[in-house]
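As a plain string of letters, each chain reads:
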Amino acid sequence: YRWSVVHDSRTSDICKEIEQEIKNRGGKVKLGEMKKIQEEISKKYLGQDWTYRDFVPHINCRSKLTRSVSD
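Attention in this report is confined to the structure presented alongside it. What you see is a predicted model, and the numbers here were worked out from it, not measured in a lab. (Residues numbered from 1 in each chain as written. Predicted model: local features only at pLDDT ≥ 70, side-chain atom pairs only at ≥ 80, totals over all residues. Heavy atoms only, no water.)

1. Quick word on the overall build of the protein chain
Okay, so step 1: A count of helices and strands for the protein chain gives 2 helices and 2 strands.
Okay, so step 2: Scanning the protein chain from its N terminus toward the C terminus, one meets helices and strands in the order β-α-α-β.
Okay, so step 3: Here the protein chain has a C-alpha radius of gyration of 12 Å; the compact-globule value for 71 residues is 11 Å, and the two agree.
Okay, so step 4: For the protein chain, the spread of C-alpha atoms along the principal axes amounts to about 35 × 25 × 20 Å.
Okay, so step 5: A total of 71 residues make up the protein chain; the buried ones form 32% of that total.
Okay, so step 6: Nonlocal contacts in the protein chain, meaning residues at least 24 apart in sequence, comprise 58% of its contacts between residues at least 6 apart.
Okay, so step 7: With an accessible surface of roughly 4,900 Å², the protein chain has 46% of that area assigned to carbon and sulfur atoms. (Helix = DSSP H or I, 4+ residues; strand = E, 2+ residues; numbered from the N terminus. Rg over C-alpha atoms; globule rule 2.2 N^0.38 Å. Buried < 20%, exposed > 50% of the residue type's maximum accessible area, 1.4 Å probe, protein only. Contact = heavy atoms within 4.5 Å. Areas by Shrake-Rupley, 256 points an atom, 1.4 Å probe, with all protein chains shown as cover.)

Written as structure tokens, this is what we have:
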């Protein structure tokens, strides 16, 4: 899976960091790995009390999970 980020003046640091982490891992990751990355980065910015919901790393997130096409 890939993390598709909307790039404009409102793009969050959370989504930018998630995108960079996915790029560092080859541009795509398995679904469980994506959840773990998003949860860790979300809690880094929003605090350990933040309740992460699958694929919603922060309130008003405009980025989305996309399925990777086989190489």
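2. Details of the environment of Gly26
Okay, so step 1: Mapped onto the fold, Gly26 is located in the loop between α1 (13–24) and α2 (31–46).
Okay, so step 2: Using a relative accessible area of 63% as the deciding quantity, one classes Gly26 as exposed.
Okay, so step 3: Along the backbone, Gly26 and Ser42 are 16 residues apart, and their C-alpha atoms lie at a distance of 21 Å.

3. Describing the side chain of Lys43
Okay, so step 1: Secondary-structure assignment places Lys43 in helix α2.
Okay, so step 2: Within the buried core, Lys43 has no salt-bridge partner, and the shortest N-O distance to an opposite charge, that of Glu39, equals 4.3 Å.
Okay, so step 3: Among the polar contacts made by the side chain of Lys43, one reaches the main-chain carbonyl oxygen of Gln48 at a distance of 3.0 Å. (Lys, Arg positive; Asp, Glu negative; His and termini not counted. Salt bridge = Lys/Arg side-chain N within 4 Å of Asp/Glu carboxyl O. Polar contact = N/O pair within 3.5 Å; in protein donor to acceptor, adjacent residues only side chain to side chain.)

4. Examining α1
Okay, so step 1: Helix length check: α1, at 12 residues, gives a terminal C-alpha distance of 16 Å against a target of 16 Å (1.5 Å per residue), a fit within 8%.
Okay, so step 2: Downstream of α1 by a residue or two, Gly26 has a phi angle that is positive, lying close to 100°. (Expected span 1.5 Å × (residues − 1).)

5. Here we look at the side chain of Gln38
Okay, so step 1: Relative to the elements of secondary structure, Gln38 occurs in helix α2.
Okay, so step 2: With sequence-adjacent residues up to four places away left out, Gln38 is seen in contact with Trp3, Ile18, Tyr52, Phe55, Val56 and Pro57.

6. Comments concerning the packing of α1 against α2
A pair of packed helices is captured by two measures, namely the crossing angle of their axes and the spacing between those axes.
Okay, so step 1: Between α1 and α2, the least distance of the axes is 10 Å, while the angle of their chain directions is 145°. For the pair α1 and α2, the crossing hand works out as right-handed. Contacts between α1 and α2 involve Asp13, Ile14, Glu17, Ile18, Glu21 and Ile22 from the first element and Met34, Ile37, Gln38, Ile41, Ser42, Lys44, Tyr45 and Leu46 from the second.
Okay, so step 2: Its residues assigned to classes, the contact of α1 with α2 shows 8 nonpolar, 2 polar and 4 charged. (Axes fitted to C-alpha atoms, helices over the stretch in contact; angles between N-to-C directions. Left-handed = near helix turned anticlockwise from the far one by under 90°. Nonpolar A, V, L, I, M, F, W, Y, C, P; charged D, E, K, R; others polar.)

Limitation: the analysis is restricted to geometry and does not speak to function.
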